[in-house]
Amino acid sequence: MRRWIARSMALALAVIAAGPATAEPRMAIFDTHVHYSRAAWAGLTPTVVRGLLSDAGVTRALVSSTPDDGTLRLRDFDPSMFVPELRPYHGQVHSANWHNDKGIIAYLESRLAANTYKGIGEFLLYPGAEKLAPSLNKVVALAVARDIPLHVHAGAGPVRKLFELDPNLTVLWAHAGMSTLPDVIGPMMEAYPRLSAELSFRAEDITDAKGDIDPAWRSLLIRYKDRFMIGSDTFENERWASYSDLIESHRFWLRMLPPDVARTIAFDNAARMFGDGG
């Protein structure tokens, strides 16, 4: 919280110093990590969700939900804003057991056949889980056959395993590994050209307590500018309540990058992968 306050104060001072003559339009964001799961449905109608995104300057969003009904509800409400991806979690199938569930492939196949999804995920792979998942090969095959990415919350090890199963796979790495450092992310990007990463939960890592962009992150983001995207991760209702702040925390560090790099990360990379809604 202190770091966010410090960044907010720094941003406010920068805006005051710049003055109205140099003010720029708010940067449009494509949010690639939105959940609209059951716990949110009672208090957040699709109209409210769209309003929250619009107020934050988000014009397009990749959505998955537990269960999948929430995803389809948003997609049907506004297909120009909401892009559906298929999350494996449903019923008693959850983050810790989905990859070992005997019915998971039939579930995924039936949903993929019935609806047009732009990805499979976001799902969790615990460290070592890839060694225990006989279904993982088939999940990878489903994604490759449909030319859609797997949206994976995992460390570097499971991501490497996925590419070992099929180097033609496309992976969207949730949270860029959550705690994975630039000196690991960079070699991963170099080794796997079909790897991209979204940066939900990473804004505080990208900037320091003084509000400056971390040099290692700056170098990484510029070098692989075509491989990073923005995410919020509304996995709990509290994050919906602070949605604008989550998005603004990304705009804060995006403004410190060259404008073309910032625009590419803010919107263009996700639009290329998932469509721009036009």
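Residues numbered from 1 in each chain as written. Predicted model: local features only at pLDDT ≥ 70, side-chain atom pairs only at ≥ 80, totals over all residues. Heavy atoms only, no water.

J.: If you had to explain the overall build of the protein to someone new, which residues and values would you point to?
T.: Within the protein, the regular secondary structure consists of 13 helices and 8 strands. Taken across its 278 residues, the protein has 53% of its residues classed as buried. Long-range pairs, those at least 24 residues apart, make up 72% of the contacts in the protein between residues at least 6 apart in sequence. Of the roughly 12,400 Å² of accessible surface on the protein, 56% is carried by carbon and sulfur atoms. (Helix = DSSP H or I, 4+ residues; strand = E, 2+ residues; numbered from the N terminus. Buried < 20%, exposed > 50% of the residue type's maximum accessible area, 1.4 Å probe, protein only. Contact = heavy atoms within 4.5 Å. Areas by Shrake-Rupley, 256 points an atom, 1.4 Å probe, with all protein chains shown as cover.)

J.: An account of the packing of helix α8 (residues 182–191) against helix α10 (residues 215–223) is needed here, citing residue identities and associated values.
T.: In the contact formed by α8 and α10, the axes pass within 10 Å of each other and the chain directions differ by 15°. Looking at the two axes, α8 sits roughly parallel to α10. Between α8 and α10 lies a crossing of left-handed hand. For the pair formed by α8 and α10, the contact residues are Pro-182, Ile-185, Gly-186 and Glu-190 on the first element and Ala-216, Trp-217, Leu-220 and Arg-223 on the second. Residues of the contact of α8 with α10, tallied by class, amount to 5 nonpolar, 1 polar and 2 charged. (Axes fitted to C-alpha atoms, helices over the stretch in contact; angles between N-to-C directions. Parallel < 35°, antiparallel > 145°, perpendicular 65-115°, else oblique. Left-handed = near helix turned anticlockwise from the far one by under 90°. Nonpolar A, V, L, I, M, F, W, Y, C, P; charged D, E, K, R; others polar.)

J.: Summarise the sheet that holds strand β3 (residues 82–84); cite the residues concerned and give the values.
T.: The strand order across the open sheet built from 3 strands is β1-β2-β3, with neighbouring strands paired in parallel fashion. Where the open sheet ends on each side, the last strands, each with one partner, are β1 (29–35) and β3. Averaged over all neighbouring strand pairs, the angle between strand axes comes to 25°, with direction disregarded. Bridge count between strand β2 (residues 58–64) and β3: 3 bridges; the pairing is parallel. Residue pairing in the sheet places Leu-62 in a bridge with Val-83 of β3. Docked against the sheet, helix α12 (residues 243–254) engages β1 and β2, running at close to 140° with respect to β1. Lying over the sheet, helix α13 (residues 259–274) contacts β1, β2 and β3, oriented at roughly 65° with respect to β1. (Pairing = 2+ DSSP bridges.)

By themselves these figures say nothing about function.
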